[in-house]
Amino acid sequence: MKEYTESVNFIDLSAQQKKIRKNIEVAIKNVLDHGQYIMGPEVSILENKLKDFTGAKNVYSCANGTDALTIAMMALDFQPGDVVFVPSFTYVASAESAALIGIVPFFVDVDKETFNIDPQSLCRGILEAKKLNLNPVGIIAVDLFGQPANYEELRNIADREGLKIIADGAQSLGASYKDKNVGMLGDISTTSFFPAKPMGCYGDGGALFTDDSELGDKINSIRLHGRGVEKYDHTSIGINSRLDTIQAAILIEKLKIFPEEILKRNEIAKAYHKIFDSCDYASSPKIIEGNISSWAQYTLIVEERDSFQNKLKNIGIPSVIYYPKSLTNQPAYVNYPTLSKGTPISDELCNKVLSLPMHPYLKKSTIEKIASIL
Ligand SMILES: *Cc1c(COP(=O)(O)O)cnc(C)c1O
């Protein structure tokens, strides 16, 4: 997700910064004054605030959302060669985080309406993986574009099959599923603070959430070089993945306005729905009853995508294709297992999706401008 500097911004980080710039400058200055750049006091302050915000019992920040997924798999003791099921229509990090440590991503398909992992396709994947004598251990459930996946069904399948759920909430912090917040939906949930995500810092950052304190302790150890109780005592092989104190200080300020920003994103989505619910050649994204999305993206399905994107471009409206290629078709991932019938819905979505500008400070006039070309 990149930022754009055209007159209408696809994601407008400057409007937000204007609003909280003074507080952020003070927060950064405080870190410069105390000088604890790694694991300074702001890191645990932020983690505690994220516990309050999500309801998760244990929260650990880390260096980025990709590391968060890898750390989650390490904490769950997944072994090289084990299989995790990953939707084929997602950002590459959902699979990369597994492949990097020798865990095998098995690609399954998504639901055409929600863009999230399709439980039926997952069940087929489990059957086919077992037939191939593979060892399924987990599901990487991605909350694509901010909408939580179908966790009730995923939980039933996971419990029946003895699988763990890692909820990739890189795009969905601030969203909820049936009164449960993102952060409470997987055995371990993760998020990303990459600048363009709904809750972004001014660099890289990520976090893990779990209600299981034992898992929490493992996560904490892994992110700190596998450290034991004492500083130079190493009880497991870990990685170096900490959130910078300066980024934590920035996120503390951003979290203060985040609930209001989620409401604004939902208002903007509503205004977009009004236009596209009755539009012939573009269909609006569907949110399942009981879900609140964080609207990382507002993504349409458009039959004539090129011409629609050009029309938008002609009136100065940026739009982006998330994602142009499903993971099963990515050169680095073509040799990983997938369903015998492939992932046709993911492939189709890659040819038809288009994301419109979405951020809490989007102007009504921009939405009206988009409506004018229909
Ligand atoms: C952005 C993203 C990630 C990775 O987060 P980073 O902080 O960029 O490492 C993982 N999964 C999904 C679905 C994402 O959108």
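Provided above is the structure to which this section pertains.
Here the structure is a predicted model, which means the values were calculated and not measured.

About the cut-offs
- Residues numbered from 1 in each chain as written.
- Predicted model: local features only at pLDDT ≥ 70, side-chain atom pairs only at ≥ 80, totals over all residues.
- Heavy atoms only, no water.
- Helix = DSSP H or I, 4+ residues; strand = E, 2+ residues; numbered from the N terminus.
- Rg over C-alpha atoms; globule rule 2.2 N^0.38 Å.
- Buried < 20%, exposed > 50% of the residue type's maximum accessible area, 1.4 Å probe, protein only.
- Contact = heavy atoms within 4.5 Å.
- Areas by Shrake-Rupley, 256 points an atom, 1.4 Å probe, with all protein chains shown as cover.
- Lys, Arg positive; Asp, Glu negative; His and termini not counted.
- Charge placed at Lys NZ, Arg CZ, Asp CG, Glu CD.
- Near = heavy atom within 4 Å.
- Polar contact = N/O pair within 3.5 Å; in protein donor to acceptor, adjacent residues only side chain to side chain.
- Axes fitted to C-alpha atoms, helices over the stretch in contact; angles between N-to-C directions.
- Parallel < 35°, antiparallel > 145°, perpendicular 65-115°, else oblique.
- Left-handed = near helix turned anticlockwise from the far one by under 90°.
- Nonpolar A, V, L, I, M, F, W, Y, C, P; charged D, E, K, R; others polar.
- Core = buried A, V, L, I, M, F, W, Y, C linked by side-chain atoms within 4.5 Å.

Peer 1: Explanation requested: the overall build of the protein chain in the structure shown.
Peer 2: From N to C terminus, the protein chain includes eleven helices and 13 strands. Over its C-alpha trace the protein chain gives a radius of gyration of 20 Å, about what one expects of a compact globule, namely 21 Å for 374 residues. Oriented by its inertia axes, the alpha-carbon framework of the protein chain measures out at about 65 × 60 × 35 Å. In the protein chain, buried positions account for 56% of the 374 residues. Considering only intrachain contacts with a sequence separation of at least 6, the fraction spanning at least 24 residues in the protein chain is 72%. Accessible surface computed for the protein chain: about 16400 Å², of which carbon and sulfur atoms make up 50%. Positive and negative side-chain charges of the protein chain, numbering 40 and 46 respectively, have mean locations separated by a distance of 4 Å.

Peer 1: Can you walk me through the site of the ligand in this structure?
Peer 2: Every one of the 14 residues lining the ligand counts as a neighbour, but Gly65, Thr66, Gln171, Ser192 and Lys197 are closest to it. Take Gly65: an N or O atom from its main chain is 2.7 Å from an oxygen atom of the ligand. Thr66 is positioned with one of its side-chain polar atoms (N or O) 2.5 Å from an oxygen atom of the ligand. The protein chains hide 94% of the 380 Å² of surface that the ligand would expose on its own.

Peer 1: Help me out: how do you make sense of the packing of helix H8 (residues 245-276) against helix H11 (residues 364-372) in this one?
Peer 2: The description of two packed helices rests on the angle between their axes and on the distance between the axes. Between H8 and H11, the least distance of the axes is 10 Å, while the angle of their chain directions is 15°. The angle between H8 and H11 places the two elements in the roughly parallel class. Note on packing geometry: the crossing formed by H8 with H11 is right-handed. Contacts between H8 and H11 involve Ile268, Ala271, Tyr272, Ile275 and Phe276 on the former and, on the latter, Ile367, Ile370 and Ala371. Of the residues contributing to the contact of H8 with H11, the split by class is eight nonpolar, no polar and no charged.

Peer 1: Quick question: what am I supposed to make of the nonpolar core here?
Peer 2: Taken as a class, soluble globular proteins show a tendency for nonpolar side chains to be buried jointly. In terms of nonpolar packing, the biggest core is built from 44 residues, with Met73, Val84 and Phe89 touching the most fellow members. Elements supplying a minimum of two residues to this core: strand E1 (58-62), helix H3 (65-75), strand E2 (82-87), helix H4 (93-99), strand E4 (135-142), helix H7 (213-223) and helix H10 (344-352). Sorting elements by how many residues they give to this core places H3 first, with six residues. With residues up to four places along the chain from it excluded, the contact list for Val84 reads Met73, Phe78, Ala98, Ile103, Val104, Pro105, Phe106, Val137, Gly138 and Ile140.

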